[in-house]
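# A structural walkthrough
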Amino acid sequence: MASIVLKVAGLSRWVRHTLPSRALTTSTSRRSRVPGSLWKLGKLNHIAIAVPDIEKATSLYRDVLGATVSDKLPLPDHGVYTVFVELGNTKLELLHPLGDKSPISGFLQKNKSGGLHHICIEVEDINAAIAALRVKNIRTLSAMPQIGAHGKPVIFLHPKDCDGVLVELEEA
């Protein structure tokens, strides 16, 4: 219990009122209002950047900024080449089109210089996450998870359902 002193409007005296300590909280924890779930978001795995020239972008991060970068990896099932840039607490994923039907080609046609493509967040159980999100009318871009660049199941959430952000979920 805590006491607060209130000035009563129009009176020159003060009134002491005792309130439960939780009444003094100015904001309610969002977490306390969220019902329990079978899954939860984990850490940020990476931020993906579409690049028109993957060698030039790799050189920027490796040679100019001094980061550790992976080799260029082709992912034909996803229609991309990837290079990962290690940042310590997360990674950047450089994306470049692979093949005529690459989803990155369309992105780069609209954004000639490249730019932020998606964020990737880890989840413990991707199937539980997908089921729970679909119940909440969050669409996925594919019916089932696919194996991603890290050899783990991934799925993309529709950006129109995620405040304009393309979100990738990856099983941890």
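Quick caveat: nothing in here was measured; it's all calculated off a predicted structure.

Reading guide: rules and limits
- Residues numbered from 1 in each chain as written.
- Predicted model: local features only at pLDDT ≥ 70, side-chain atom pairs only at ≥ 80, totals over all residues.
- Heavy atoms only, no water.
- Buried < 20%, exposed > 50% of the residue type's maximum accessible area, 1.4 Å probe, protein only.
- Helix = DSSP H or I, 4+ residues; strand = E, 2+ residues; numbered from the N terminus.
- Pairing = 2+ DSSP bridges.
- Polar contact = N/O pair within 3.5 Å; in protein donor to acceptor, adjacent residues only side chain to side chain.
- Contact = heavy atoms within 4.5 Å.
- 1 Å grid on protein atoms, 1.4 Å probe; cavity = no way out; pocket = protein on both sides within 12 Å on 5 of 7 lines; lining within 4 Å.
- Points joined across faces, edges and corners; volume = space filled by probe spheres on them.
- Core = buried A, V, L, I, M, F, W, Y, C linked by side-chain atoms within 4.5 Å.

## Here we look at the pairing of strand 8 (residues 115–123)
Counting buried residues along strand 8, seven of its nine residues qualify, which places the element largely inside the surrounding structure. With seven bridges connecting them, strand 3 (residues 41–50) and strand 8 associate as antiparallel partners. Along strand 8, the bridge assignment pairs Ile 47 with Ile 119. Pairing between strand 8 and strand 11 (residues 167–171): five bridges, direction parallel. Bridge pairing in strand 11 links Glu 122 to Glu 170.

## What about unusual backbone geometry?
Most peptide bonds are trans, and most residues other than glycine sit at a negative phi. A positive phi is found at Asn 137, a non-glycine position, where the angle reads about 65°. Although it is not a glycine, Asp 163 sits at a positive phi angle of roughly 55°. Mapped onto the elements of the fold, Asp 163 is located in the loop between strand 10 (153–157) and strand 11.

## Considering the side chain of Thr 58
Within the secondary structure, Thr 58 is located in helix 2 (residues 54–64). According to the relative accessible area criterion, Thr 58 is buried, its value standing at 9%. Polar side-chain contacts of Thr 58 include one of 2.7 Å to the backbone oxygen of Ile 54. The residues contacting Thr 58, other than those within four sequence positions of it, are Asp 63, Val 69, Val 83 and Leu 94.

## Things to note about the layout of surface pockets
Leftover empty space is mapped by rolling, across the atoms, a probe with the size of a water molecule. There is about 570 Å³ of room inside the largest pocket. Lining the largest pocket are 29 residues, with His 78, Pro 103, His 117, Phe 156 and Leu 166 positioned closest to its centre. Put simply, the parts of the chain that give the lining of the largest pocket at least two residues each are strand 6 (80–86), strand 7 (91–97), helix 3 (103–110), strand 8, strand 10 and strand 11. The greatest single-element share of the lining of the largest pocket, amounting to five residues, is contributed by helix 3.

## Let's talk about the nonpolar core
Grouped burial of nonpolar side chains is what soluble globular proteins tend to show. Formed by 14 residues in total, the largest nonpolar core has its most connected members in Trp 39, Val 123, Ile 126, Leu 133, Leu 157, Val 167 and Leu 169. Those elements that provide at least two residues to this core are strand 8, helix 4 (126–135), strand 10 and strand 11. Setting aside residues up to four positions removed in sequence, Val 167 forms contacts with Ile 119, Ile 121, Ile 155, Phe 156, Leu 157 and Cys 162. Membership of the second largest hydrophobic core comes to eleven residues, among which are Val 51, Ile 54, Val 69 and Val 85.

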